[in-house]
Amino acid sequence: MSISYYESNRLFKLDTPGSSYVFTVSKENYLLHLYYGARISDFEIEPSFFRSSYSSFSPDATGGEGNISPDVAMMECSGNGIGDYRLSTVIVRYKDGTTATDLRYLSHRIFPGRPDAGALPHLRLDESNADTLEITMQDPATGVIFLINYTVLRDLDAIARSICVQNRSSDTIYLQKLHSLCCDFPENDFDLIHLYGKWAKERSPQRLPVMQGVQSVASTRGASSHYHNPGICLAKKETGEEHGVCYGFNLLYSGNFSADTEADGYGGIRVTLGIHAKDFCWKLTPGDSLLSPEAIMVFSGKGIGEMSRIFHRVYLNHVIPPYWRERKRPLLLNSWEGCFFDFDEEKILRLAQEGKKLGIELLVMDDGWFGHRNDDTSSLGDWFVNENKLKGGLAQLVRKVREEGLQFGIWFEPEMISPDSDLYRAHPDWCVQIKGREKSLARHQCVIDMTRQEVRDEIFRQMKAVLDSCPISYVKWDFNRNLTEPSSLMLPPDQQGEFFHRFILGTYELQQRLLDEYPQLLLENCSGGGGRFDGGMLYYSPQIWCSDNTDPIERLSIQFGTSLFYPASSMGAHVSANRRTDYDTKAAVALWGTFGYELDPEKLTEEQKATIKDQIAYYHKTYDTIHNGDLYRLTPPWKNGFTCAWNFTAKDQSSALLTVIGIRRREFQTLVVRMRGLDANAIYYCEEIGRSYSGAFLMNAGLNLSDRDLNRDGASLMLYFTKQ
Ligand code: DGJ
């Protein structure tokens, strides 16, 4: 059992293979945090409070004994208005309008497996690989119950956390804030690493000291967004990619979130993570409950790279749809950058025929096939085929594509509605809006009210009609704007604060319904590129389009950043025709992802076609090393400004792929690249070089690549090593 409880000092200890998490119940029934870090043995622990001292201004929770003040104590779940002035985890508003929220220990239970997650995305764990500690806390003044869940993974240094609030009082209450975790550290010697960006520049990492006061990484756009990502890493000052202590916090959620840190006057730091409190207010009538999204905490004592690799395993083994866990994904050609809206049956068929000759396995018809859509001004919500464009209908097209030997995939944007659509004309009230306010358009479109069952039913009915009409193996689910005028016409005034969360729950329900109906469907989420790249979406789709930016050099920082939490096989990455970088370099970068093409093969020269055939052979050869292997980020693109390098090592260390990209001229500087994650005692043969090296040599002495053709903008080199 990975969870121990010591009755004598009311102490809980959660152990993963390499980490321990310890907390205790105080005399006053507060849940006080003691330790989170590298694994320690059981006999070393005692409820000595690291944070006992406090000043005269700090409220005393011990009735004058002066032992504990919520002001400085390390809390497992902070309340509000009872003397802990730092970030609250939960805030409840009561009938009398007050918001003091006090959480005191009542009982606990420990059981194998995981708690029920209802309709929320969650870690797919069971009795064979996880244990759960559920602590029941109660507000003594009101009877409201808070279940604090800790699910401990037995084989990875990860712990999942969530909080469920149950209204056991006799009055209606309102949740003003419900975060998923609170984690206090006694010393603030951390840097904060987070991912920021915008459209076409998603998830660039930024590392800065945790400053005094509150820092917030957040989205209030109705989606996790291009701008920030629902995950942060706290790394000790001295921690680097390959060494040192760090902690990762990542939320399985796609809506509004905040990941907050607060460094206090006593030298400590608190992290809370969960649904953003802005515009959030959830009504609970007596007997109702609300469960927070699940947050994952990862500890690494071996640097940020190891933290990422743990997250990657968590996502691969416990989040993505099990159907795709071990299955090879089809290699796709997407019509978007090759045709945009300008295609007909003949054009799609030619893409399929030419693609087939290159080795493509799945043809994806992107935006523009439905309603009367020829640009982005119409037809969202009218999910039936545009027969003016695809004259023989969809079933005929799909049949012909399949006769060419390819699978077929199609694009939808189910959460959107165009003012110029039959659906809008029939149901103008179905779009998100506030009565009396003008609706803000973005990309000429409105958002459909996903909180409403009848709306979801209709979208599902339309999608089902398409998917039942012919064999479709893949759906790209797009989301091309953020929410404005956030409200549902159907929600009563005191429940409008539920809108954002209900919206994303509606999206989750529809995606799950699709997968229940078509369990073998490959779903790829997308949001104007990577505007909703998060753990919530990965629960439904094993891959997400990473960015609309397919320039291989600009993609480097996007893919480096995305890999902080998310595995290579989740990153939608395509070779496109856009920039005059070598096709070799485009493929070298796209191979760090799902790999696919997004271009018009008819426009390629014979030489380029031959190159692409070779790339596809290389993709098949290296697939397992990349998709099931471990990533080692060697040189980030921002480090020295002239090269960028990474390697994948197969899970069993039997092979490795080293990729080096030249970003700009090196000005005659030596270039030595040292690989990581190999078996030091093994001999690896590199077919491109035509000789063998020991793992120890490759990792320590490294390869001197100074005389390789890497000394220019957009050059690349891939070296594949196999164990002898
Ligand atoms: C945004 C996506 O990121 C693109 O790949 C493409 O599907 C367009 N939407 C289509 O409108």
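Please refer to the structure placed before this passage.
Below is a summary of the structure that appears in this document. Remember, predicted model here, so these are calculated numbers, not experimental data.

1. Overview of the site of the ligand
Moving on, step 1. Inspection of the region around the ligand gives 13 residues, with Asp366, Asp367, Lys476, Asp478 and Asp548 positioned closest.
Moving on, step 2. Between the ligand and Asp366 there is a distance of 2.7 Å, counted from an oxygen atom to a side-chain nitrogen or oxygen.
Moving on, step 3. Lys476 has a polar side-chain atom sitting 2.7 Å from an oxygen atom of the ligand.
Moving on, step 4. Bound to the protein, the ligand loses 98% of the 290 Å² it would expose on its own.
Moving on, step 5. Taking a 2 Å distance to the grid points as the criterion, the majority of the atoms of the ligand fall inside the second largest pocket.

2. Re the packing of helix H9 (residues 552-562) against helix H10 (residues 583-590)
Axis angle and axis distance: for two packed helices, these are the angle between their axes and the distance between the axes, and together they describe the pair.
Moving on, step 1. In the contact formed by H9 and H10, the axes pass within 10 Å of each other and the chain directions differ by 15°. With respect to their mutual orientation, H9 and H10 come out roughly parallel. As H9 packs across H10, the resulting crossing turns out to be left-handed. Mapping the contact onto sequence places Pro552, Arg555, Leu556 and Gln559 in H9 and Thr585, Lys586 and Val589 in H10.
Moving on, step 2. Among the residues making up the contact of H9 with H10, the classes are represented as 3 nonpolar, 2 polar and 2 charged.

3. Considering the state of the cysteines
Moving on, step 1. Summed over all chains, the structure comprises 0 disulfides.
Moving on, step 2. Here Cys281 is not cross-linked by a disulfide; its sulfur's nearest cysteine counterpart is in Cys164, at 17 Å.
Moving on, step 3. You can see Cys431 has no disulfide; the closest cysteine sulfur is in Cys446, sitting 4.3 Å from it.
Moving on, step 4. Its relative accessible area of 1% is what places Cys431 among the buried residues.

4. Quick word on H9
Moving on, step 1. A large share of H9 lies buried, amounting to 10 of its 11 residues.
Moving on, step 2. Taken together, the buried positions of H9 are occupied by Pro552, Ile553, Arg555, Leu556, Ser557, Ile558, Gln559, Phe560, Gly561 and Thr562.
Moving on, step 3. N-capping of H9 is provided by Asp551, with a side-chain oxygen placed 2.8 Å from the backbone N of Ile553.

5. What to know about the sheet that holds strand E37 (residues 691-694)
Moving on, step 1. Pairing in this open sheet of 6 strands is antiparallel, and the strands run E32-E33-E34-E39-E36-E37 from one edge to the other. Both edges of this open sheet fall to strand E32 (630-635) and E37, since each of them pairs with a single strand only. The mean inter-strand angle of the sheet, taken between neighbouring strand axes irrespective of direction, is 25°.
Moving on, step 2. For strand E36 (residues 683-686) and strand E39 (residues 715-723), the ladder comprises 3 bridges, and the chain directions are antiparallel. Opposite Cys686, over in E39, you have Phe721 as the bridge partner.
Moving on, step 3. Of the strands in this sheet, E32, strand E33 (643-649) and strand E34 (655-662) touch H9, which is tilted by about 50° from E33.

6. Topic: the packing of aromatic side chains
The geometry of two aromatic rings is summed up by the distance between their centres and the angle between their planes.
Moving on, step 1. Scanning all chains against the criterion turns up 41 aromatic pairs.
Moving on, step 2. For the ring pair Tyr247 and Phe299, a centre distance of 5.4 Å and an interplane angle of 55° mean the geometry is tilted. Of this pair, Tyr247 sits in strand E15 (residues 246-251) while Phe299 sits in strand E20 (residues 295-300); the two residues are 52 residues apart in sequence, bridging distant segments of the chain. The pair formed by Tyr247 and Phe299 is uniform in burial state, with each residue classed as buried.
Moving on, step 3. Counting every residue linked through ring pairs, the aromatic cluster contains Tyr5, Phe12, Tyr21, Phe23, Tyr36, Tyr105, Tyr150, Phe185, Phe190, Tyr247 and Phe299.
Moving on, step 4. Over the face of the ring belonging to Tyr227 we find Arg221, whose NZ or CZ atom lies 3.6 Å from the ring centre.

7. Points about the nonpolar core
Moving on, step 1. One finds Phe249, Trp369 and Phe408 to be the most contacted residues of the largest nonpolar core, which totals 184 residues.
Moving on, step 2. Here this core gets 8 residues from one element, more than from any other, and that element is helix H7 (residues 499-517).

8. What to know about the environment of Asp157
Moving on, step 1. On the secondary structure map, Asp157 appears in the loop between strand E8 (145-153) and strand E9 (158-166).
Moving on, step 2. Taking the C-alpha atoms as reference points, Asp157 and Met297, separated by 140 residues in sequence, lie 8.3 Å from one another.
Moving on, step 3. For Asp157, the contacting residues outside a window of four places in its chain are Thr16, Pro17, Gly18, Ser19, Met297, Val298, Phe299 and Ile310.

What counts as what
Residue numbers run consecutively from 1 along every chain, following the written order of its sequence. Local features in a predicted model are, by the rule used here, given only for residues with pLDDT of at least 70; side-chain atom pairs are given and counted only at 80 or more, and totals for whole chains, interfaces and linings are based on all residues. Each side-chain value is worked out from all heavy atoms of the structure, with water and hydrogens disregarded. Think of it this way: one heavy atom of a residue within 4 Å of a molecule or strand is enough to make that residue near it. Polar contact is the term for a pair of N or O atoms within 3.5 Å; when the atoms are in protein, one must be able to donate a hydrogen and the other to accept it, and sequence-neighboring residues count only if both atoms are side-chain atoms. Accessible surface area values rest on a Shrake-Rupley calculation with a 1.4 Å probe, where residue burial reflects the displayed protein chains alone. Cavities and pockets were defined on a 1 Å grid built from protein atoms only: a cavity is a group of points that admits a 1.4 Å probe but offers it no way out, a pocket is an open group of points flanked by protein on both sides within 12 Å along at least five of seven lines, and a lining residue is one with an atom within 4 Å of any such point. Placement in a cavity or pocket follows one criterion, namely that more than half of the molecule's atoms lie within 2 Å of its grid points. For every element, the axis is a line fit to its C-alpha atoms; helices are fit only across the contacting stretch, and the angle between N-to-C directions ranges from 0 to 180 degrees. The secondary structure listing takes helices from DSSP runs of H or I that are at least 4 residues long and strands from runs of E that are at least 2 residues long, numbered from the N terminus. In this scheme, roughly parallel covers angles under 35 degrees and roughly antiparallel covers those over 145, while 65 to 115 is roughly perpendicular and the rest are oblique. Each crossing gets its handedness from the near helix: less than a right angle anticlockwise from the far helix is left-handed, clockwise is right-handed. Any two residues having at least one pair of non-hydrogen atoms within 4.5 Å are treated as being in contact. Residue polarity is assigned by list, with Asp, Glu, Lys and Arg as charged and Ala, Val, Leu, Ile, Met, Phe, Trp, Tyr, Cys and Pro as nonpolar; anything else, Gly included, falls into the polar class. The disulfide definition used here is simple: a pair of cysteine sulfur atoms within 2.5 Å. Buried means the residue's accessible area, taken with a 1.4 Å probe over protein chains only, is under 20% of the maximum for its type, while exposed means over 50%, and partly exposed covers the values in between. The rule for pairing is simple: two strands pair if DSSP sees at least two bridges between them. What counts as a ring pair is set by centres within 6.5 Å for rings of Phe, Tyr and Trp (its six-membered ring), and what kind of pair is set by the plane angle: stacked under 30 degrees, edge-to-face over 60, tilted for all other angles. To sit over a ring, a charge needs its Lys NZ or Arg CZ within 6 Å of the ring centre and within 35 degrees of the ring normal. Residues enter a nonpolar core if they are buried and are Ala, Val, Leu, Ile, Met, Phe, Trp, Tyr or Cys, with the set joined through side-chain atoms within 4.5 Å.

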